[in-house]
Amino acid sequence: MAYVQKGRKMKRIFKILLLMVLLICLTACGSDKSGNQVETATLSPDKAVAIHAGDINVYLDEAKYYAYTAQATYETYFITEGKEIDWDSEMQDAISWQQGVKSTVLDDICRRECMYGLAEEYNVSLTEEQQEEINAKVDAYYSRSNEKLLSKIGVGRERLKFIFEKEEIAKRVEEIMATVDENLPDETYEKWKSGNTVTAEEQWKSITFNEPIFTLEDIQ
């Protein structure tokens, strides 16, 4: 399967780093000084498809959200180590950091779509309280996030809310499956991958980490 090839170790590292960047990114320099929400260029659901995951279309704004959040995550981690990441340098086996991280992000997107597609089967939906929490998360994203990250992602409010909803539902489906059998989520996703073709379109390939979001200068 194109791009979907990184192992579980890389994914575990990515998830740990993501938690770190969410803490740092929301308080980083460059937030909207007026305190107002920063609405950057929007990409509605009927815009360009970035990824075909089986019969599911993943659109460019969602792909950008996950890809550039990952970029910010790794850059933040490297900065905490006193250096900047070279995205063209080799991660392992002649794969660059950029290729490896994008591959991990793509795999995560596909897994999320797999789990989200099982929401009805597992009777998962969001309560009113959970919806309110997501609305608050959307508000925090626009009012506190780094301006460069906001600009690179360029996602509209309603689409971001949908992305967060999908993420939460997929997580809850996976949690329910794991209570039945801790291996069931992995087995289910492996079965999904064997029965679906994933195609990364030019829109996905056009997403690059060549322009940094965070640099050492940001903390000096």
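**Description of the overall build of the chain**
Link 1 in the chain: When you go through the chain residue by residue, the secondary structure sums to eight helices and five strands.
Link 2 in the chain: When the helices and strands of the chain are placed in sequence order, the string is α-β-β-α-β-β-α-α-α-α-α-β-α.
Link 3 in the chain: Here the chain holds 220 residues, and the buried ones make up 45% of them.
Link 4 in the chain: At a minimum sequence separation of 6, the contacts of the chain that also span at least 24 residues come to 80%.

**Looking at the state of the cysteines**
Link 1 in the chain: Within this structure, the stated rule accounts for zero disulfides.
Link 2 in the chain: Here Cys 110 stays free of any disulfide, with the sulfur of Cys 114 as its closest cysteine sulfur at 9.4 Å.

**Quick look at the confidence of the model for the chain**
Link 1 in the chain: Summary statistics for the chain give a mean pLDDT of 83 and a share of 78% for residues scoring 70 or more.
Link 2 in the chain: Taking the mean pLDDT of every element in the chain, the minimum, 44, falls on helix α1 (residues 8–25) and the maximum, 97, on helix α7 (residues 184–195).
Link 3 in the chain: Note that pLDDT drops below 50 for residues 1–10; the model gives that stretch 28 contacts with residues more than four away or on any other chain.
Link 4 in the chain: In the predicted structure, residues 14–46 sits below a pLDDT of 50 and forms 68 contacts with residues beyond four places in sequence or in another chain.

What counts, and at which threshold
Residues numbered from 1 in each chain as written. Predicted model: local features only at pLDDT ≥ 70, side-chain atom pairs only at ≥ 80, totals over all residues. Heavy atoms only, no water. Helix = DSSP H or I, 4+ residues; strand = E, 2+ residues; numbered from the N terminus. Buried < 20%, exposed > 50% of the residue type's maximum accessible area, 1.4 Å probe, protein only. Contact = heavy atoms within 4.5 Å. Disulfide = S-S within 2.5 Å. pLDDT = per-residue confidence, 0-100.

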